[in-house]
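Topology and contacts: notes
Read off the chains here:
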Amino acid sequence: MSLGTFSAMVVSETAPKSFERRIVKRSVNDLPPGELLLRVHYSSLNYKDAMSATGRPGVTKSYPHTPGIDAAGVVEEDASGRFKPGDEVIVTGYDLGMNTAGGFGQYIRVPAAWGVPLPAGLSLRESMVIGTAGFTAGLSVYRLAAAGVAPAAGEILVTGATGGVGSIAVGILARAGYRVVAATGKASEEGYLKDLGASEVIDRQTVTEGAERPLLKERWAGAVDVVGGATLATVLKATRYGGVVTCCGLVGAPDLPVNVFPFILRGVSLLGIDSVQCPAGPRLEVWQRLAGSWKPAHLEETVTEVTLQTLEPAIAAILAGQVRGRTLVNLLAS
Ligand SMILES: NC(=O)c1ccc[n+]([C@@H]2O[C@H](COP(=O)([O-])OP(=O)(O)OC[C@H]3O[C@@H](n4cnc5c(N)ncnc54)[C@H](OP(=O)(O)O)[C@@H]3O)[C@@H](O)[C@H]2O)c1
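Figured I'd write up the structure that's included with this text. (Residues numbered from 1 in each chain as written. Predicted model: local features only at pLDDT ≥ 70, side-chain atom pairs only at ≥ 80, totals over all residues. Heavy atoms only, no water.)

Note that Arg 324 resides in the loop between helix 9 (312–319) and strand 15 (326–330). Once the C-alpha coordinates of Arg 324 and Tyr 94 are considered, the two residues, 230 residues apart in sequence, prove to be 25 Å apart. Ignoring anything within four residues of it in the chain, the contact list for Arg 324 reads Thr 162, Glu 189, Tyr 192, Glu 301, Thr 302 and Thr 304. A polar contact is formed between the side chain of Arg 324 and the side chain of Glu 189, at a distance of 3.0 Å. (Helix = DSSP H or I, 4+ residues; strand = E, 2+ residues; numbered from the N terminus. Contact = heavy atoms within 4.5 Å. Polar contact = N/O pair within 3.5 Å; in protein donor to acceptor, adjacent residues only side chain to side chain.)

Structure (structure tokens):
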């Protein structure tokens, strides 16, 4: 890499609704305005990145564009004075990788307020194994705990358990002392989920059994849901009195076909989780817990590592729901 130029994935719309991804050389001077210039060491692949990289509606409005909602690296310059050159910083969410050139490039330039100092206890690599998916899992557990769901309350269900959010949620909950039940469509991954800390692994189809009934037998003290649709609706109907369910995703469906009974007869709470605009206070606190008492014990077991040059098949795989755990993008080796 010569001074001022770097490699990045650039997605272009070559014909209406037809998108092409190429790895090209870009200039630091062409990055958007912002106080913080970061040399990106690692990024990660999230579902949203695959949507941006393939032109799916709702993420990126204009192309050409460099996706990557996650980046961790070393400060080159910060005009705000908040960080000094050489500091290690994490940037996730806000507009990164949406309509601001993202972490699938070896440099990003962003507002300094988007940066989180890398907490002691995490390496840059580990922070991106966690990435937005793991931060979202952390935020979900943080909200469950703040709502009063303690490990003694009972079983916590994690849906989409082999995915990015699910895998890290299983690890965090187990580390924090909860009994975790992991729901998956991949029966072959039972061993993987148990290694991460799940006490029990169930087929995702059993979660939606009885979906047509108004209420189900109480089972879950809490749940971390990434699926939405009938899955989330059925989980709510099977949540125990006073239980809490978090909702962050829509890999199954964006609708929520539920009635009011879980809420008005059992006092169940449904908490929305948004990692993108999460305020700085809880953002820092969740990262600090992820670096400390919540750091998943088997983080490396969740990782598949790629470079910009080998990212393409992973994009198709995550859209097809076939990825296990987290995909780390190594920008130093790209
Ligand atoms: N709100 C936020 O701030 C936020 C942040 C990050 C992610 N998200 C959202 O959270 C969701 C999960 O993200 P992720 O990065 O974990 O994605 P991911 O790695 O692709 O994992 C999703 C998992 O869900 C399961 N799944 C896939 N298709 C399914 C279907 N049709 N029905 C039921 N289960 C299905 C699969 O796990 P199994 O095979 O184990 O069932 C899959 O591995 C996405 O919708 C993403 O956009 C939201």
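Scanning the model with the defined rule gives one cavity of 30 Å³ or more in all. When its volume is computed, the largest cavity comes out at roughly 40 Å³. Contributing to the lining of the largest cavity are Thr 159, Gly 160, Ala 183, Arg 204, Val 227 and Thr 231. In terms of residue class, the lining of the largest cavity is built from two nonpolar, three polar and one charged. (1 Å grid on protein atoms, 1.4 Å probe; cavity = no way out; pocket = protein on both sides within 12 Å on 5 of 7 lines; lining within 4 Å. Points joined across faces, edges and corners; volume = space filled by probe spheres on them. Nonpolar A, V, L, I, M, F, W, Y, C, P; charged D, E, K, R; others polar.)

Okay, the nonpolar core next. Among the nonpolar cores identified, the biggest contains 52 residues, and Val 158, Val 170, Leu 173, Leu 193 and Trp 287 are the most heavily contacted of them. Put simply, the parts of the chain that give this core at least two residues each are strand 4 (70–78), helix 2 (124–146), strand 8 (155–158), helix 3 (164–175), strand 9 (179–184), helix 4 (190–196), strand 11 (220–225) and helix 8 (280–291). Here this core takes 11 residues from helix 2, the largest share from any one element. Contact partners of Val 158, with chain neighbours within four places excluded, come to Gly 166, Ala 169, Val 170, Leu 173, Val 180, Val 181, Ala 182, Ala 183 and Val 224. With 33 residues, the next largest nonpolar core counts Tyr 63, Ala 71, Leu 96 and Val 306 among its residues. (Core = buried A, V, L, I, M, F, W, Y, C linked by side-chain atoms within 4.5 Å. Buried < 20%, exposed > 50% of the residue type's maximum accessible area, 1.4 Å probe, protein only.)

In total, this model carries zero disulfides according to the counting rule given. You can see Cys 247 has no disulfide; the closest cysteine sulfur is in Cys 248, sitting 6.9 Å from it. Free of any disulfide, Cys 278 has its nearest neighbouring cysteine sulfur in Cys 248, separated by 13 Å. (Disulfide = S-S within 2.5 Å.)

To continue, consider the environment of Tyr 63. Within the element layout of this structure, Tyr 63 appears in the loop between helix 1 (47–53) and strand 4. Residues Tyr 63 and Gly 228, 165 residues apart in the sequence, show an inter-C-alpha distance of 29 Å. Contact partners of Tyr 63, with chain neighbours within four places excluded, come to Val 11, Ser 12, Glu 13, Phe 19, Met 51, Ser 52 and Gly 55. Among the polar contacts made by the side chain of Tyr 63, one reaches the main-chain carbonyl oxygen of Ser 52 at a distance of 2.7 Å.

Going through the model one piece at a time under the given rule, you end up with 15 salt bridges. Across the salt bridge formed by Arg 326 and Asp 70, the nearest N and O atoms sit 3.8 Å from each other. Taken together, the residues Arg 326 in strand 15 and Asp 70 in strand 4 connect sequence positions 256 residues apart. The exposure class of Arg 326 is buried, given its relative accessible area of 2%. Note on Asp 70: relative accessible area 0%, which makes it buried. Here the residues in one salt-bridge network are Glu 155, Arg 179, Glu 200 and Arg 219, joined through shared partners. (Salt bridge = Lys/Arg side-chain N within 4 Å of Asp/Glu carboxyl O.)

With that settled, the discussion passes to the site of the ligand. Around the ligand sit 26 residues in total, of which Thr 162, Val 165, Thr 184, Ile 273 and Ser 275 are the nearest. At 2.6 Å, a side-chain N or O of Thr 184 approaches an oxygen atom of the ligand. A distance of 2.9 Å separates an oxygen atom of the ligand from a polar atom in the side chain of Lys 186. Alone, the ligand offers 920 Å² of accessible surface; in the complex the protein occludes 86% of this. Counting residues per element, the ones that place at least two in the shell around the ligand are helix 2 and helix 3. The class makeup of the residues in the shell around the ligand is 11 nonpolar, 12 polar and three charged. (Near = heavy atom within 4 Å. Areas by Shrake-Rupley, 256 points an atom, 1.4 Å probe, with all protein chains shown as cover.)

Once that is clear, we can look at the packing of helix 2 against helix 3. Their axes nearest at 8 Å, the elements helix 2 and helix 3 cross at an angle of 55°. Relative to helix 3, the element helix 2 lies oblique. Handedness of the crossing formed by helix 2 with helix 3: right-handed. Residues Val 129, Ala 133, Gly 134, Thr 136, Ala 137, Gly 138 and Val 141 of helix 2 form the contact with helix 3, whose own contacting residues are Gly 164, Val 165, Ile 168, Ala 169, Ile 172 and Leu 173. (Axes fitted to C-alpha atoms, helices over the stretch in contact; angles between N-to-C directions. Parallel < 35°, antiparallel > 145°, perpendicular 65-115°, else oblique. Left-handed = near helix turned anticlockwise from the far one by under 90°.)

All quantities given are derived from atomic positions and should not be read as evidence of function.
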